[in-house]
Amino acid sequence: MLLEEKRYNLADIQAGDESERIELIDGVPVMMAPTLRIHQKVSGGLVCQLANYLRDKECKVYARPFAVRLFEKDGDSPYDVDTMVEPDISVICDPKKLDDIGCKGAPDLIIEILSPSTRRHDLLTKFNLYLRAGVREYWIVDPANKDVQVFLLEDGHYSAKHFGSEGDKVMVNVLEDCYLDLSEIFA
């Protein structure tokens, strides 16, 4: 897809090549690079632990590719949606936010796994985007340093809540009595 200098929307992305991975941030397309093997290993471990915890619960976990339209409102058409991201992991507790495309509105928890190609995007652009959208909890996982930073939305700002590294168990604040074992993730 050769990108023109224009504002894009979800309809443009849906009409494009499905093999291309593109996020859309305020009408600007962002090409997604393939992930590294360590990224897939860490993501799979986190999703597995979350899925086991969420079994028989209303909240559901989704791994990318999974379209999250952070600011879409009822009645919006794909032409109205100018922001669509694919977080590495999303947990959604309100089933009314789920549809055939993915999630309409802010997930309760988003986890991004840093890689060399996404580090700046995840730490700055997405951090501020998720804050603006009202994502209640945001995790930044760094496989290179084997650590996790947990941010909670409090009074309109993200507060650093937890920091964990290999061997720690880190609490998921938006899920009651849920802890993820980082020794299994970074082993």
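Residues numbered from 1 in each chain as written. Predicted model: local features only at pLDDT ≥ 70, side-chain atom pairs only at ≥ 80, totals over all residues. Heavy atoms only, no water.

Caption draft 1: Representation of the environment of M32 in the model. By the secondary structure assignment, M32 is in the loop between strand 2 (28-31) and helix 2 (37-54). M32 sits in the buried class, given a relative accessible area of 13%. Residues M32 and R21, 11 residues apart in the sequence, show an inter-C-alpha distance of 5.3 Å. Ignoring sequence-local partners within four residues, the contact set of M32 consists of R21, I22, E23 and R64. (Helix = DSSP H or I, 4+ residues; strand = E, 2+ residues; numbered from the N terminus. Buried < 20%, exposed > 50% of the residue type's maximum accessible area, 1.4 Å probe, protein only. Contact = heavy atoms within 4.5 Å.)

Caption draft 2: Examining the sheet that holds strand 9 (residues 147-154) more closely. Spatial strand order, 3-5-7-8-9-10: six strands in an open sheet with mixed pairing. Sheet topology places strand 3 (60-63) and strand 10 (157-165) at the edges, where each strand pairs with a single neighbour. Direction aside, the axes of adjacent strands within the sheet are offset by 15° on average. Here helix 3 (residues 119-133) sits on the sheet in contact with strand 7 (109-113), strand 8 (137-142), strand 9 and strand 10, set at roughly 175° to strand 8. (Pairing = 2+ DSSP bridges. Axes fitted to C-alpha atoms, helices over the stretch in contact; angles between N-to-C directions.)

Caption draft 3: A look at the pattern of salt bridges. With the rule as written, the count across this model stands at 14 salt bridges. The residue R21 makes a salt bridge to E86 at a minimum N-O spacing of 2.7 Å. Residue R21 is found in the loop between helix 1 (10-15) and strand 1 (22-25), and its partner E86 is found in the loop between strand 4 (67-69) and strand 5 (89-92); the two are separated by 65 residues along the sequence. Classification of R21 by relative accessible area gives partly exposed; the value is 22%. Close ionic contact of R69 with D99 constitutes a salt bridge, the shortest N to O distance being 2.5 Å. On the criterion of sequence distance, the pair formed by R69 in strand 4 and D99 in the loop between strand 5 and strand 6 (102-104) is long-range, its members being 30 residues apart. Looking at D99, the relative accessible area reads 35%, which means it is partly exposed. Each of the salt bridges in this network shares a partner with another, and the network as a whole consists of E23, E112 and K126. (Salt bridge = Lys/Arg side-chain N within 4 Å of Asp/Glu carboxyl O.)

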